Amino acid sequence: MSTTADRPDVVVETPSAATDLAALDSALERLRRDGATLEMSETEAEEQAGYHVPAEEGVGERMLLNMGPQHPSTHGVLRLVLEMDGELITRSKPVIGYLHTGMEKTGEQLTYLQGPTNVTRMDYAAPLFNELVFSLATEELLGIEVPERAQWIRTLMCEVNRLSSHLLFMATNGMDLGAVGMMIYGWREREELLRFLELVTGLRMNHNYIRPGGVAVDMPDGWREHLGPLLDVLPERLEEFDVLMTGQPIWRERLQGVGTITAEEAISLGATGPLLRSTGYAWDLRRDMPYLRYDQVDFDVVVGTYGDSFDRYAIRLAEIRESIRIIRQCMDKMPDGDYRIQDKKVTPPPRARIDESMEALIHHFKIFTEGFKVPEGEVYVAVENPRGELGCYMVSDGSSNPVRMHIRGPSFVNLQSLPHLMKDSLIADTVAIVSSVDPIMGDVDR
Amino acid sequence: MADQDATVVDDGPDAAEPAPEPTPEPELLFGVPVTTMRGQVVLHPDRDGYVALVERLRSAGYWMCVDLCGVDYLGHPAGRWLPDGVTAERFEVVLNLLNHTEHSRIRVRLQVPADDPVVPTISHLHPGVSNHERETFDLFGIAFDGHPDPSRILMPPGWVGHPLRKDDAPARIPVQFKGAAS
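Residues numbered from 1 in each chain as written. Chains lettered and ligands numbered in written order. Predicted model: local features only at pLDDT ≥ 70, side-chain atom pairs only at ≥ 80, totals over all residues. Heavy atoms only, no water.

Undergrad: Is there a simple way to think about the side chain of Arg 408 of chain A in this case?
TA: By the element assignment, Arg 408 of chain A lies in strand E11 (residues 404–408). An unpaired buried charge is present at Arg 408 of chain A: no salt bridge exists, and Glu 389 of chain A, the closest side chain of opposite charge, is 4.9 Å distant. A distance of 2.9 Å separates the side chain of Arg 408 of chain A from the backbone oxygen of Glu 389 of chain A, its partner in a polar contact. In contact with Arg 408 of chain A, not counting residues within four places along its chain, are Gly 270, Thr 272, Tyr 380, Glu 389, Leu 390, Gly 391 and Val 413 of chain A together with Val 66, Asp 67 and His 132 of chain B. (Helix = DSSP H or I, 4+ residues; strand = E, 2+ residues; numbered from the N terminus. Buried < 20%, exposed > 50% of the residue type's maximum accessible area, 1.4 Å probe, protein only. Lys, Arg positive; Asp, Glu negative; His and termini not counted. Salt bridge = Lys/Arg side-chain N within 4 Å of Asp/Glu carboxyl O. Polar contact = N/O pair within 3.5 Å; in protein donor to acceptor, adjacent residues only side chain to side chain. Contact = heavy atoms within 4.5 Å.)

Have a look at this one:
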């Protein structure tokens, strides 16, 4: 094939998202007719695994193949039940739940202050977003707005986290497709960003940094001197990625036209994030329903054209560049002020105050033993995570722990489009497609 | 003071008239009662009108159903924030829909009684909630009538019980250590 020569990588502009109901209806009908999802229970899939002789109608021979859960390129513990016709996948079903630890149930036992320690472990490649969405939902119920500096710190830290998450994707995507050197480079860049996150939050991952009411600590001394050189060196490294992968004919052949989806199909399947944007449909919550201070920074929403695995790769690569732009603006605009709200009922007092004030000691004790009370109500809040829309539905009965804390994980929903993406594709492309969706199993199973 | 007296006097003949102040008609949106919670719009359909409502919302621009989850209100002491005419039941199925053109969200809260926890599926309109419906069945035991694959999704296939129900206590399962005297 020589079709790969002169196609644009991605469109870096901001067209408006548009489709219509008729197109959606026909996509729905197409999805229904395709029957890409294998509706078969897990036990049945185990029993029927193996070769099946052609059916009487002569539709060809079938083989049921269980790929995973212990498979190196399933990014954790994902099991795919594939129905094969020779080398072609006719129907498939992702089987999940191997990492289910009942975090939503746990969330009901923990106070609002303890909540971020729990949710941060869901999408472990982008932990700050989990903390953010939990905190935003709590703050919405409390009816408080965090101080300006806290908003900017949150915006900055989330974008740094987006960088590290996308670089992790670059590493695993390269590794999955055989560009093993890429794995080392991706991890190397990510590690440098994690070192910055460690400098600020104290931990490489599972930070518990963004909390209801603000952030845990202020930016440390010298953070600009640490982050600045990192942002200077990253664009050069991205150009190395371009040399290593983007322009390579083998890389393009492996990804272009593999696992395609249209905008209407993606919307019907609830897909968000790079998976939706790869179809050319410009929808990014940061721009379209802004939260934090995204309405005050300048950035582009990157979209693809073909809705294939290559577009999803190229979008993430371009989003790294956009995130660097956002981080630079955050560094310029970062105001002075409080890094958490000065509300004695929500924010623990500073350590020094406890020694001199009885009241501070009581507040400290109350917040850390009972937690703070949140007015009753129910809210849904969503943010744009590196993988798509991360939502939190929270119900409060006025006590200090939620009645219901539901997280809408983008990986959980995006995974549903796998059967459609893999329909009539070669089994050799399975790994490329799964990798391009970039599911994080901790987020899927919760 | 004088004003208050005057109203009391006026009330006398008013109360004698056969028309007491009728309860205000609940506000309707898309033909179902609507409330707002913290500025977010919430619709309260009944089970018969639920699928038709989702269909109407889809035609009105709410193309994407981003989220569906269950809630168990067993022993809930606080209010339920429901409009008049909607009876609170033990379970709720909560839908969050997104309008891409108006950049707005709308929420649907459907009351599900404990003795008949069955809800019609909407996975034929929004295939994207298929996993969420399976999850809600798995964790709450709310069945989705017409769902193409009504199996457990997160818990093992042979699991007994629905863990997110309030009366399904965590750590109820006895822990057995191999070789330990019991």
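Undergrad: Any chance you could explain the packing of aromatic side chains here in plain terms?
TA: Aromatic ring pairs are described here by two measures, namely the spacing of the ring centres and the angle between the planes. With the rule as written, the count across this model stands at seven aromatic pairs over all chains. Consider the rings of Tyr 112 of chain A and Phe 372 of chain A, whose centres lie 6.3 Å apart with planes at 25°: the pair is stacked. Residue Tyr 112 of chain A is found in the loop between helix H3 (103–109) and helix H4 (115–119), and its partner Phe 372 of chain A is found in the loop between helix H15 (358–369) and strand E9 (377–385); the two are separated by 260 residues along the sequence. What makes Phe 372 of chain A buried here is its relative accessible area of 4%. Between Tyr 73 of chain B and Trp 81 of chain B, the aromatic rings sit 6.4 Å apart at their centres with planes inclined by 70°, giving edge-to-face as the arrangement. The same class applies to Tyr 73 of chain B as to Trp 81 of chain B, namely buried. Taken together, the aromatic side chains of Trp 251, Phe 310 and Tyr 313 of chain A make up a single cluster linked through ring pairs. (Phe/Tyr/Trp six-rings, centres within 6.5 Å; stacked < 30°, edge-to-face > 60°.)

Undergrad: Would you mind showing me how to read the interface of chain A and chain B here?
TA: You'll often see interface size given as the accessible area lost when the parts meet. Opposite the 56 residues of chain A that make contact, chain B presents 58 residues. At the boundary of chain A with chain B, total buried surface from both sides reaches about 4600 Å², with 56% on carbon and sulfur atoms. Considering only the surface of chain A that becomes buried against chain B, Lys 105, Glu 378 and Tyr 380 of chain A emerge as the three largest contributors, covering 14% of it. The interface formed by chain A and chain B includes seven salt bridges. When the shortest N-O distance is used, the salt bridge between Lys 93 of chain A and Asp 149 of chain B registers 3.0 Å. Linking chain A to chain B there are 26 residue pairs in polar contact (both at pLDDT 80 or more). The residue inventory of the side of chain A that touches chain B, partitioned by class, reads 25 nonpolar, 12 polar and 19 charged. (Buried area = accessible area lost by both parts, 1.4 Å probe. Nonpolar A, V, L, I, M, F, W, Y, C, P; charged D, E, K, R; others polar.)

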